[in-house]
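A structural walkthrough
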Amino acid sequence: MPMSELFNLSGRTALVTGANTGLGQAIAIALAGAGADVVAAGRTPADDTARQVEALGRRFLFVRADFAATEPVQPVVDAALGLNGQLDILVNNAGTIRRADSLDVTEENWDTVMNTNLRSVFFLSQAVARHMATRHGGKIVNVASLLSFQGGIRVPAYAASKSALAGLTRALANEWAAKGINVNALAPGYFDTNNTAALRQDAERSAAILGRIPAGRWGQPDDLAGAAVFLASRASDYVHGITLPVDGGWLAR
Ligand code: NAP
């Protein structure tokens, strides 16, 4: 197969959660750039993403969904199938973070983070994998974190959810590889998005983080594009259950 075909997503439809901003937006645009049509699911309309996907000549649909809620996600999948009648790629990107000392963490804080970052990811993956299994093929890409490997500071629910997400990625990969479904994760390092705005506003933390990144800069959302397309394309057909750091070398130190 020609090398360009390995990464070609023409004819594929991708469902990306939280694609209105930040990493999810960059991933949606990267997949569209490789040829995929895009369904964005989230609580905030993704008009800017729609414009950029359509400018690449790809089709786009927005589906409203609140991933902190515990309602069934099947209606989200049914609506997403409205674009092309198929889903080939699922990117579980939507996620949230709450910063507080562990002695002060509330149940609301814990439940919101766990429901958004873990519970919804499992049930959305389950619903989409039931569809993918009937077609014997699909790619699921979870957006994990450095806190899939490390404990972090004042973010216990986030660290727990993202560590569990790496485990879930392995568990689902084991079960679904034989169904033609690849389940893998990306672990972004420190990226310049809303998620990290509070860290960048804290001059001391910001300098400490920057000083520890071997690449000498924060990640820009586009830095995820190549790894996202890799895990969503035929190029990764024999890759199952990995959590791939894209972190400017942070974990190598
Ligand atoms: P972001 O700009 O805050 O984006 C988070 C996305 O998740 C937004 O689209 C947000 O929608 C959506 N979301 C949050 N809660 C939701 C809910 N209840 N229902 C539906 N959608 C919801 O931050 P980001 O950095 O791009 O984060 C994307 C993913 O990357 C997250 O899973 C995050 O944990 C992960 N990550 C980020 C970094 C980093 O350095 N930035 C590092 C490692 C991992 P709204 O716009 O409506 O809030």
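Everything here concerns the structure above.
Let us look at the structure shown here. Here the structure is a predicted model, which means the values were calculated and not measured.

When helices and strands are counted, the chain shows 9 helices and 7 strands. For the chain, whose C-alpha radius of gyration is 17 Å, the value lies close to the compact-globule estimate of 18 Å for 253 residues. Dimensions of the chain, computed from the C-alpha atoms along their principal axes, are close to 50 × 40 × 35 Å. Pairs at least 24 apart in sequence give 71% of the contacts found in the chain among residues at least 6 apart. Per element, the accessible surface of the chain, about 11200 Å² overall, is 52% carbon and sulfur.

Below, the discussion takes up the packing of aromatic side chains. Scanning all chains against the criterion turns up 3 aromatic pairs. Aromatic pair Phe 122 and Phe 123: ring centres 4.9 Å apart, planes at 80°, arrangement edge-to-face. Ring geometry for Tyr 190 against Trp 250: centres 4.8 Å apart, planes inclined by 50°, an arrangement best described as tilted. Residue Tyr 190 is located in the loop between β6 (181–188) and α7 (197–201), and its partner Trp 250 is located in the segment after β7 (243–246); the two are separated by 60 residues in the primary sequence. There is no split in this pair, since Tyr 190 and Trp 250 are both buried. Connected via pairs of aromatic rings, a cluster forms that spans Tyr 190, Trp 218 and Trp 250. The ring of Trp 250 carries Arg 212 above its face, with NZ or CZ at 4.0 Å from the centroid.

A word on unusual backbone geometry. Generally, phi is negative for residues other than glycine and the peptide bonds are trans, each holding for most cases. Look at His 136: it is not a glycine, yet its phi comes out positive at around 50°. Relative to the helices and strands, His 136 resides in the loop between α5 (107–134) and β5 (138–143). Phi at Arg 154 is positive, roughly 60°, even though this residue is not glycine. Relative to the assigned elements, Arg 154 resides in the loop between β5 and α6 (156–176).

Looking now at the site of the ligand. Around the ligand there are 28 residues in total, and Asn 20, Thr 44, Asn 93, Tyr 158 and Thr 193 lie nearest to it. Note that an oxygen atom of the ligand is positioned 2.5 Å from one of the side-chain N or O atoms of Thr 44. Asp 66 places a polar side-chain atom, nitrogen or oxygen, 2.8 Å from a nitrogen atom of the ligand. In the shell around the ligand, the residues fall into 11 nonpolar, 14 polar and 3 charged.

Here the focus is the pairing of β6. When you tally the buried positions in β6, you get 8 out of 8 residues, the bulk of the element. Residue alternation in β6 divides its side chains into two sets, Ile 181, Val 183, Ala 185 and Ala 187 and Asn 182, Asn 184, Leu 186 and Pro 188, and both sets are buried. Bridge count for β5 against β6 is 6 bridges, and the pairing is parallel. For Gly 138, the partnering residue across the bridge sits in β6 and is Ile 181. Crossover connection from β5 via α6 to parallel β6: handedness right-handed. As paired elements, β6 and β7 share 4 bridges and run parallel to each other. Bridge assignment links Leu 186 to a residue of β7, and that residue is Leu 244.

What counts, and where the lines are drawn
Residues numbered from 1 in each chain as written. Predicted model: local features only at pLDDT ≥ 70, side-chain atom pairs only at ≥ 80, totals over all residues. Heavy atoms only, no water. Helix = DSSP H or I, 4+ residues; strand = E, 2+ residues; numbered from the N terminus. Rg over C-alpha atoms; globule rule 2.2 N^0.38 Å. Contact = heavy atoms within 4.5 Å. Areas by Shrake-Rupley, 256 points an atom, 1.4 Å probe, with all protein chains shown as cover. Phe/Tyr/Trp six-rings, centres within 6.5 Å; stacked < 30°, edge-to-face > 60°. Buried < 20%, exposed > 50% of the residue type's maximum accessible area, 1.4 Å probe, protein only. Lys NZ or Arg CZ within 6 Å of the ring centre and 35° of its normal. Near = heavy atom within 4 Å. Polar contact = N/O pair within 3.5 Å; in protein donor to acceptor, adjacent residues only side chain to side chain. Nonpolar A, V, L, I, M, F, W, Y, C, P; charged D, E, K, R; others polar. Pairing = 2+ DSSP bridges. Right-handed = clockwise from strand over helix to strand, strands pointing away.

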